[in-house]
Amino acid sequence: AGPDEGKTLVAANLAIVMEQAGREVILLDADLRRPRVHRLFRQTDHTSLAEVLLGDCERWPCALMPTALERLMTVPAGCPPPNPSELLGARRMREFIQFLTQRGDIVIIDSPPLLPVTDALVLAPEVDGVLLVVRHGHTHLKSAQLALTQLQQAGARVLGVVLNQVPIGQRSYGYHYGYYYRSYYTDNSPDDRGGGAGRGNGSGRGHSRGHGREGSSGATTHRPDGRSVSRAPAPDRA
Ligand SMILES: Nc1ncnc2c1ncn2[C@@H]1O[C@H](COP(=O)(O)OP(=O)(O)O)[C@@H](O)[C@H]1O
Ligand SMILES: [Mg+2]
């Protein structure tokens, strides 16, 4: 919804996870005002989205930049142009997205914040789905609601909301929720009641695994530059 909520980090992590699952992924940095993807992947000068939108389509293939990961490519945003909303809403942007969808299995677009500027809103109807990122203790409920309403009015398909940077290891909302959730699925589950085979019986009930405190964190941490990081909420890493 707003700045610094973790949109870029979530988009990059999603791209990495999908790459690791064997998909050909393209991560497009569409934040023409505050480009960050190139920093996360430690990329240098390259043909960018800004040049694509201002130039001719012969250069489109040059905008795809390889990363350290075999099946992941990025398109950096480039130097901020004077009119980002106008460029992102133009037909050329739609055509470029189409071009990217032919080049990869999945195109993930890292967008600018929704509320201060219209950039993301003009993109929303052009994509198959939108993930809204909100940050624990930072995003106001009203802002999140407004963002959702705006997306729906723009005709976007909202896939879900990512609650980012939930504090872990404290007696906070996250702690109690995790505890309650875990006990709900283990202590009181039908499996347990029906003879105690509950956990680890291979019944394929995916929801009985991975919940609790561990499952509630936004800090699933793959670093785009290839280093993996342990679970604790990390300091600034852009
Ligand atoms: N789950 C997280 N844990 C730790 N740091 C995070 C997390 N999500 C985001 N950050 C950090 O917060 C800052 C803003 O994140 P970023 O993804 O650039 O936000 P946005 O794209 O919404 O402006 C960055 O320094 C980033 O590394
Ligand atoms: Mg960002």
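The structure this text deals with has already been given above.
One structure accompanies this document, and this report is about it.

Cut-offs used in this document
Residues numbered from 1 in each chain as written. Chains lettered and ligands numbered in written order. Predicted model: local features only at pLDDT ≥ 70, side-chain atom pairs only at ≥ 80, totals over all residues. Heavy atoms only, no water. Helix = DSSP H or I, 4+ residues; strand = E, 2+ residues; numbered from the N terminus. Buried < 20%, exposed > 50% of the residue type's maximum accessible area, 1.4 Å probe, protein only. Contact = heavy atoms within 4.5 Å. Areas by Shrake-Rupley, 256 points an atom, 1.4 Å probe, with all protein chains shown as cover. Phe/Tyr/Trp six-rings, centres within 6.5 Å; stacked < 30°, edge-to-face > 60°. Expected span 1.5 Å × (residues − 1). Salt bridge = Lys/Arg side-chain N within 4 Å of Asp/Glu carboxyl O. Pairing = 2+ DSSP bridges. Axes fitted to C-alpha atoms, helices over the stretch in contact; angles between N-to-C directions.

**Notes on the overall build of the chain**
Okay, so step 1: Each helix and strand counted, the chain has nine helices and six strands in total.
Okay, so step 2: Expressed as a percentage of the 238 residues in the chain, the buried residues total 38%.
Okay, so step 3: Within the chain, residue pairs in contact and separated by at least 24 positions form 73% of the contacts whose partners lie at least 6 positions apart.
Okay, so step 4: Summed over its atoms, the accessible surface of the chain is roughly 13400 Å², and 50% of this surface lies on carbon and sulfur atoms.

**Some details on the packing of aromatic side chains**
Okay, so step 1: For the structure shown, the criterion picks out three aromatic pairs.
Okay, so step 2: Residues W60 and F96 carry aromatic rings whose centres are separated by 5.4 Å and whose planes lie at 75° to one another, so their mutual orientation is edge-to-face. Here the residue W60 occupies a position in the loop between α3 (49-54) and β2 (65-66), and F96 occupies one in helix α5 (residues 91-103), the gap between them amounting to 36 residues.
Okay, so step 3: Residue class for W60 comes out buried when judged on its relative accessible area of 9%.
Okay, so step 4: The buried category is assigned to F96, whose relative accessible area is 0%.
Okay, so step 5: Here a set of aromatic residues connected by ring pairs shows up, and it is made of W60, F96 and F99.

**A closer look at helix α1 (residues 7-20)**
Okay, so step 1: With 14 residues, α1 should reach 20 Å at 1.5 Å per residue; the first-to-last C-alpha distance of 20 Å fits that figure.
Okay, so step 2: Here α1 has its buried residues at K7, T8, V10, A11, A12, N13, A15, I16 and E19.

**Topic: the pattern of salt bridges**
Okay, so step 1: Under the definition given, this model contains seven salt bridges.
Okay, so step 2: Between D119 and R33 there is a salt bridge, and its shortest N-O distance comes to 2.8 Å. With D119 in helix α6 (residues 119-123) and R33 in the loop between β1 (25-29) and α2 (37-40), this residue pair connects regions lying 86 residues apart in the sequence.
Okay, so step 3: You can call D119 buried: its relative accessible area is 0%.
Okay, so step 4: Put simply, E19, E70 and R71 are held in one network by salt bridges that share partners.

**A few points about the sheet that holds strand β4 (residues 106-110)**
Okay, so step 1: Here four strands make up an open sheet; going across it, the order is β2-β3-β1-β4 and the pairing mixed. This sheet does not close on itself; its edge strands, each paired only once, are β2 and β4.
Okay, so step 2: Lying on the sheet, α1 is in contact with β1, β3 (72-75) and β4; it crosses β4 at an angle near 165°.
Okay, so step 3: Taken strand by strand, α5 contacts β1, β3 and β4, and its axis lies near 155° from that of β1.

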